[in-house]
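# Per-entry structural report
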Amino acid sequence: MFKKKTGLGKSTSKLKNDEAIGPTQPSRVDAPKLSSEPSMQPALVQPANETYGARGLELKEAQAQQQLRTFTRWWNSVLLPRGLELKDLIEDVRSGVMPLALYEELSGALVLRVNSNPKSRFQMLENQNMFLSLLKEKGLRFVNIGAEDLVDGNRTLLLGLTWTLILRYEIQKYGANEQELLRWVKTSTAGYSGVKISTWGDSFNDGLAFCALIHKHDPHALDYANLKPNDVHGNLELAFKVAEERFGVPRLLEPSELVGASPTDDRSVITYVAKLRQAFGDKERELRRLAEEEEKAKLAAARAKQRAETDRLAAELQRDAAALRAWAGQKAAAFRSAMEQESALGKSEGETLAKLGELRGAFRGEEKPPKFAEKGRLGQLYEKVRGQLLADAMTSGEGAPDPAASEKALVEAAPPALQAAWGDMEAAERDYEAALLARLAALERERQTAETDSLLNGLQQSAEKLLEWCRAKTDEMTKGARPPQLGNNPEEVAAAINKLSKFHLEEKPPKEADTVVVQRGLRDAAERLANEGRSPPPKLDEQLDRAWTGLDAAADALRRALDERAKQLEKQLAEAETDKMQAEGCRKAAAWLEAVAAKTNEFAKAVSTSDLGSTKAETEKKLNDFRTSHQQGQRPRWAEERAAFEAERRVIDERRRAEEREPAAWDPSADALSKGWGALGSNERDYEEALLKKLGQLQAEETERMRRAALRDEALASLAELLPPLMQRRHLEQQATAAAEAAAAEVTQLLPWIHAQQKTFNEQRAALEADADGSPVPRVLLTQLEDFDAGEKAKNQLLLVQARAALAQAAGMRQIQRAGTGEPEKAAASGVLPQVDSAWSEMVKAEADLKRSVQGRLNRLSGAALEWERLQRGCRAVSDWLLHSLEVRSCTDIGQNEEEVGTLLRSAQLVSAELEMQCEAVARLKPIAERLRADAEFGARATDAITQVIVVTSLAEPMRTRIGTLKAALERQKRLTAERLAFAVATSQLECCLAHGIELTGFPVDTIDTAEALSIVLESGNRHSAALLPAPEGAEPKAVQRAEAAVAGWQEVAAALPARSTACEAARRAALHANKLHTEYETASGAFDEWFTRSMSLLMLPAGAPAVGAKDVQRAVEIARAQLAEGQAHLRSANEVMRQMISYGVAKNNPSVVTLASMSARADQVRAVATQLLASSQQAPPIAPRDEVVKALNALAESTEKSSEAKAATPRFSFGGSRRRLSSGASGTLTRSILQAELPVPQVAFMCDELKETNGTMLPSSFDPFPADREPTPTLDLPSIVLDLRMHALAVIEHVNRARADPPAYGVQLRAQLDGCFEGTVFNCPSSWGTRRLRTVEGEAAVASLTSLLATTKAVPVLRLVPALNSVAQQLAEEFAAGKEPTQLMERMKARGTFSGSAGEAIVYGVQQPEAIAAQLLISDGDSQRRNRSFLLNGDLKVAGFGLAEHPKHDSVCVLTFATLFAAPLSEKTTVECQGEATPAFLEVIDAIPSEQARDIATDALVTGKKVQLQYEPGSIQITVFERDGSQRSSTLKWN
């Protein structure tokens, strides 16, 4: 028994005054969710803490009464079949008889134990307990209700029980609940005017909703359009009446219960609507039953007609099937017949393409699709006929035809038979297509082979012509460099120089451009041959490089020879002019001396013979004539003549010094002239004294006058001799100062331009980086920078170079003249030059920054922008796929039958296959997004784009789970379904490959596309394409057309992928070459800059130094000239790298701002400055004779001083030696007027500048024009090592390699260069070897022997310089220089590493020039075995080292060390990876491997484009080669 519950809930509330608790119900009741165990809740629930007024209680009671009436009517409608009726639900239920009867009607079960007429409460409780137990067995669950509640008449619990029964047996029984039922009402009444369903309450009070439901399910039951919305009672009455009469729905509600102020009971309405829905369903089922009976009647009548139609269709099927089989057989035979003869497949590509187009167009596009549709129609017709036969047999029973016999008659028209014929035709079709494609491929290969051969032949012919032109020009220039061909006069030399310049400006550039085109073509041809699987062509591009290198070397040698010849001719002309001037000077001096001697003899004879006049008048006349005609006339003219030709002699002596000749042998000599002039003075004074004595007038004043005259003459003679050299020094100094001022002014004028350019560069870079409006276009800006480098910058750099050279020349000249450093040079060196150099460096830095920004922007435009486009397109495609596949991916339905599950599984598998391809697409897109992440412009967008599609990678596992679930639900798919699925998947995969292939070929991005990626796409697409055809039997025509379109598209893309792969490989190699070549150019230009700085530091004399020694200057020039070969080597290296950059098309991207023109200009500057300094050093003057000039000035002052009385003292001068020496005791006052009266104008100006003047008096003791002459000359700090041995070694090996790479060409050039240099066994070195004369053993025969050998010698691999072998060779050179016992070669090599194969050394003395070292070792003069020659040309020797040291006897000793292989061990383990061009780190590890075979494994793999990893440990190496397919192979070598 259940314990009676006394309350409705756990919480209670206190009542106010007379308020009472009554049954109440909210306006809306949410029905419990559908469950197999519905829980019973009280029908009327009162909130725990809610109070109501009297009016509220009345409304609640009215609502409960309405529900009671409705539920009573429901009980009666259920019990109606039994004839039972309840008057009072509460009272009639107490006995338990009515509930058990209700249970039997609802459940259809019979209750065996029933107290049909209970008399006692116990029997009533037993019936109620039985009733509740039976309900619980049906799964109903109750809360707070028991048998006592029903027996006691608890209205609330009885209504709740009734509601639970209604839910279970009226609503849930038909698969609904309250909410679903309300939705049904809303759906059914949608569109009916005046009906608005919101809740179960008031929405039904006007009757329109009930009428709309009835009209919806039986439009003829009532006229809804004429209903009046305001006639509520009439509408309700009409609805209840029609429902009861036409649909048998019991009248559970009355209009009066829904009309009025009382609220409508929701459950009453729900109950009635549920009954309506049941009635509508029963009505529909009844109508369907009637329709089925009518259909059976019709079917019986139509069966006979159908049987006749089936026979007709069977005949049609057999006829059309036979025609289709015949057509298929005919086509198969035609295809196979065409394959038997190759000519039938086409004799040309056009014909084959036409046949292929006919197959794919006319046949597959026009003829085959109707036949395929016909096959499908026949298959459907067969199934239709077969189905009709089977249906007829199954439905007709006896009398129907035998289906087995009928089906046997149709066996030839069955789909398998048609598919067999169709498959045979398609197999023949595929074979025919394959034969056409094979024929097309063969014809294309033949055409490509012919094109390649034609292209290669044309390129080879062009290359041979270029080689022939290069060799001819090289030979022409080599011969032109011979002394007899250089020209015999300046005009011829100038013409040769102009011809060479014209060659460089006009003839050479087009040939260089042609060479670049040919080299590119040769590389492309080599690629084509490799792709065609043929042997590579001859390495003509390398021969062209060597030929151009030889031509450049010959052109340089010719230019040097022409320059040297021009200098020689200029020197010869100057020497001839000097000799002419010297001869003329000697003639004038001899005539002068003869006239002076004659006059001297005349005076001496007159004195000795006393021919002084016989009378006083005659003597006075002689004396007067002597003083007027001789002393005042002839003697001054002779003095001027002597000063003139002595000045000419000084000029001539200066010219001879400049011409590097010995001093002139003057005849008559200066001593003879001085003696003659002195003898004249002595004899004329004797003559004058004799005349005076004769007259008896030898007075003291006359004697003094004569002394003063003699003193004046001697002073003037001394000044005439001493002052011109000093004046020349001052003139040179002033010239240098003026040149320095002009150079400083020019340099100063450059500053505004430099600052303006720097500002412009910075502004352009800022605008470019800010991407502001109006910012310059990168490519236009790059062109402007190139024009700037070649135009304004080059011009102003030349001005700067010339100004710096002028300042260096000025400083050098002043210091060599020991005049100190002038203010202009000081100002320029300390102020202007540093400012200009700093500003120039800042401008170059700004230009480099701008160029990097431009190239970065271009890289972004050509790299980042393209990559962003690739990423955007890829992400958009993945996003579209995510959107289109959302329905399939989000579906959780498993399906109810095999067909539905199969459909879902096919969709899921198709999406899964597409998902895999999309994951691959995302995997390809992720690296692009990672690269773009750091990009300022595209980084954020790339991150957003990849973030939106990265979710694809997380969908694989859910899709696998989904597919697994569907497969578990569907044990096995039918064969045709599997074939369709595989066909669709293969088509989708091929379409993905096709889309990817179109992306790679239509939108190429060389920065990320690789040949490996294209190869993978090609292999995948070919695999999917091969899997598509033939189409499966059950394939839909649209699917077949889609597959054929995909195959056709793929074949077009597949044909383009190899070319694209080749382009990717070429782009990759170009990129690898670009990085390598740019680095090499930077290295070469950097090394050139370092050499230039070092050379100029030698030639730029220190600013502020008062003097410098001529020998130091000559030594500095000698060092700088010795290092010129290094600068030329750097320049040649940069030139060669630039030529390679041009040939690979990467010169435009060269980040360096150092141009070849600027390097060439700076190299010329070094030569010019060296030449100027050397010429200045040869004009170094002797120490200025200051004291002698001071004495002469004092004597001149004394000689012009007037005395009041005659002095009879003996004149204060002596005649010691060949010339009078002025006495130091002479004194007097020297004025500007005396100088102006006695000296020539230039000397007066010079003396006025050099003497101090006080109160009108010139102070002779202040004469000190060159104070530095009295100071010790400082010594220049010159480097002890003249050469950069590393770069000198590279230059030497470069010349040796020229002989090894192209022996015949080298021999021709050498023979032409040395032609005419031998005089018997005496060898006059060419100017490029140093002007030396060497005595040989064999003479020119050794050169002839070498050139004869080289003419027939084949090229051998070039030598590679190894630093460790440099150390080996240097040790031997230093040992020879020190006179030590030389260490054995093996011992020296073992101390530095491991070697194998052959090894040897070649030694040469007395030469340092790289060209001369290589040539003399190859000539091997005096060695009958030619050992040095053999070493240099030995192909087994592949590495070399170089050493050079100063030798005390032979000036220098040079050592070349050769070996087959030499490995210098590394100090620690290291790992390097490389692909493409070998990096320095890779070569360093390669050099540490003591095995040629192991080295070949690594380098051969690198040459083929594979990635190589070297894992080095001291004593072992592991070489790993990564293949293109992802596999790898390793080799390990160990050594002690």
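## What about the confidence of the model for the chain?
Close inspection of predicted coordinates is inappropriate in any region flagged by low pLDDT. Residues at a pLDDT of 70 or more form 87% of the chain, whose mean pLDDT is 78. Segment residues 1-52 is flagged for pLDDT under 50; beyond a separation of four residues in sequence, or across chains, it makes 93 contacts in the model. The model gives residues 1203-1226 a pLDDT under 50, and that stretch makes 52 contacts with residues more than four places away or in other chains.

## Overview of the pairing of strand 16 (residues 1516-1522)
Burial within strand 16 is extensive, with 5 of its 7 residues counted as buried. Of the pairings in the sheet, the one linking strand 15 (residues 1507-1513) to strand 16 comprises 7 bridges and is antiparallel in character. The residue bridging Glu-1513 from the neighbouring strand is Ser-1516, located in strand 16.

## Some words on the sheet that holds strand 11 (residues 1394-1405)
The strands that make up a sheet are held in pairs by hydrogen bonds between backbone atoms, and each pair lies either parallel or antiparallel. Ordered in space as 10-12-13-11, the 4 strands form an open sheet in which the pairing is mixed. Whereas interior strands pair on both sides, the edge strands pair on one side only; in this sheet they are strand 10 (1360-1361) and strand 11. Where strand 10 meets strand 12 (residues 1439-1447), 2 bridges bridge the pair, whose relative direction is parallel. When the bridges of strand 12 are listed, Arg-1360 appears paired with Val-1439. Here helix 35 (residues 1285-1301) sits on the sheet in contact with strand 10, strand 12 and strand 13 (1451-1463), set at roughly 120° to strand 12.

## Here we look at unusual backbone geometry
Note the cis peptide between Asp-667 and Pro-668, where omega equals 0°. Residue placement: Pro-668 occurs in the loop between helix 17 (616-658) and helix 18 (670-695). For Ser-610, which is not glycine, the phi torsion reads 60° and is therefore positive. Residue placement: Ser-610 occurs in the loop between helix 16 (540-608) and helix 17. The class of Ser-610 is exposed, set by a relative accessible area of 51%.

## With respect to the sheet that holds strand 14 (residues 1470-1474)
Pairing is antiparallel in the open sheet, where 4 strands are placed in the order 14-15-16-17. Each edge of the sheet is formed by a strand with only one pairing partner; in this case those strands are strand 14 and strand 17 (1528-1534). On average, each strand axis in the sheet is tilted by 15° relative to the strand beside it, whichever way the strands run.

## Digging into the packing of helix 14 (residues 415-480) against helix 36 (residues 1303-1314)
Where helix 14 contacts helix 36, the two axes come as close as 7 Å, and the packing angle between them is 20°. By the angle class used here, helix 14 and helix 36 are roughly parallel. Judged by the twist between their axes, the crossing of helix 14 over helix 36 is right-handed. Only Val-1308, Gln-1309, Ala-1312 and Gln-1313 of helix 36 make contact with helix 14, whose side of the interface consists of Thr-474, Asp-475, Thr-478 and Lys-479. Per-class residue counts for the contact of helix 14 with helix 36 are 2 nonpolar, 4 polar and 2 charged.

## As for the packing of aromatic side chains
Overall, the coordinates contain 29 aromatic pairs when judged by the stated rule. Relative to Trp-1535, the ring of Tyr-1512 lies with its centre 6.2 Å away and its plane at 40°, an arrangement referred to as tilted. Of this pair, Tyr-1512 sits in strand 15 while Trp-1535 sits in the segment after strand 17, and the two are 23 residues apart along the sequence. For Tyr-1512, a relative accessible area of 2% corresponds to the buried category.

## Considerations on the environment of Leu-1028
Note that Leu-1028 resides in helix 27 (residues 1011-1028). The residues touching Leu-1028, leaving out its near neighbours within four places in the chain, are Phe-983, Ala-986, Thr-987, Leu-990, Ala-1043 and Val-1047.

## Details of the packing of helix 16 against helix 17
Remark: helix 16 packs on helix 17, axes separated minimally by 10 Å, with the N-to-C direction vectors making an angle of 155°. As judged from the angle between their axes, helix 16 and helix 17 are roughly antiparallel. As helix 16 packs across helix 17, the resulting crossing turns out to be left-handed. Grouping the amino acids of the contact of helix 16 with helix 17 by side-chain chemistry returns 12 nonpolar, 4 polar and 10 charged.

## Description of the side chain of Arg-870
Within the secondary structure layout, Arg-870 lies in helix 21 (residues 823-884). Given the relative accessible area of 8%, Arg-870 is considered buried. For Arg-870, the contacting residues outside a window of four places in its chain are Leu-925, Ile-928, Glu-999, Leu-1000, Phe-1003, Pro-1004, Val-1005, Ile-1008 and Asp-1009.

## Structural notes on helix 40 (residues 1410-1419)
With respect to burial, helix 40 is a largely interior element, 9 of its 10 residues being buried. Those residues of helix 40 lying buried are Pro-1410, Glu-1411, Ala-1412, Ile-1413, Ala-1414, Ala-1415, Leu-1417, Leu-1418 and Ile-1419. The positive-phi residue at the C-terminal boundary of helix 40 is Ser-1420, with phi of around 50°.

## A word on the pattern of salt bridges
Applying the stated criterion to the full structure yields 56 salt bridges. Here Arg-82 ties to Glu-104 by a salt bridge, and the two come within 2.2 Å at their closest N and O atoms. Highlighted residues: Arg-82 in the loop between helix 1 (54-79) and helix 2 (89-93) and Glu-104 in helix 3 (residues 97-107), separated in sequence by 22 residues. By relative accessible area, which is 38% here, Arg-82 ends up partly exposed. One salt-bridge network, held together by shared partners, links Glu-309, Arg-312, Glu-316, Arg-319, Asp-320, Glu-374 and Arg-377.

## As for helix 7 (residues 178-189)
The end-to-end C-alpha distance of helix 7, which contains 12 residues, comes to 16 Å, matching closely the 16 Å that a straight helix rising 1.5 Å per residue would cover. Among the residues making up helix 7, those that are buried are Glu-178, Leu-181, Leu-182, Trp-184, Val-185, Ser-188 and Thr-189. End-on view of helix 7: buried residues confined to an arc of 155°, all on one side of the axis. Downstream of helix 7 by one or two residues, Gly-191 has phi in the positive range, about 95°.

## Considering the environment of Phe-983
Relative to the helices and strands, Phe-983 resides in helix 26 (residues 975-1002). For the pair Phe-983 and His-1024, spaced 41 residues apart in sequence, the C-alpha to C-alpha distance is 9.8 Å.

What counts, and where the lines are drawn
- Residues numbered from 1 in each chain as written.
- Predicted model: local features only at pLDDT ≥ 70, side-chain atom pairs only at ≥ 80, totals over all residues.
- Heavy atoms only, no water.
- pLDDT = per-residue confidence, 0-100.
- Contact = heavy atoms within 4.5 Å.
- Buried < 20%, exposed > 50% of the residue type's maximum accessible area, 1.4 Å probe, protein only.
- Helix = DSSP H or I, 4+ residues; strand = E, 2+ residues; numbered from the N terminus.
- Pairing = 2+ DSSP bridges.
- Axes fitted to C-alpha atoms, helices over the stretch in contact; angles between N-to-C directions.
- Parallel < 35°, antiparallel > 145°, perpendicular 65-115°, else oblique.
- Left-handed = near helix turned anticlockwise from the far one by under 90°.
- Nonpolar A, V, L, I, M, F, W, Y, C, P; charged D, E, K, R; others polar.
- Phe/Tyr/Trp six-rings, centres within 6.5 Å; stacked < 30°, edge-to-face > 60°.
- Salt bridge = Lys/Arg side-chain N within 4 Å of Asp/Glu carboxyl O.
- Expected span 1.5 Å × (residues − 1).
- Arc of directions from axis to C-beta.

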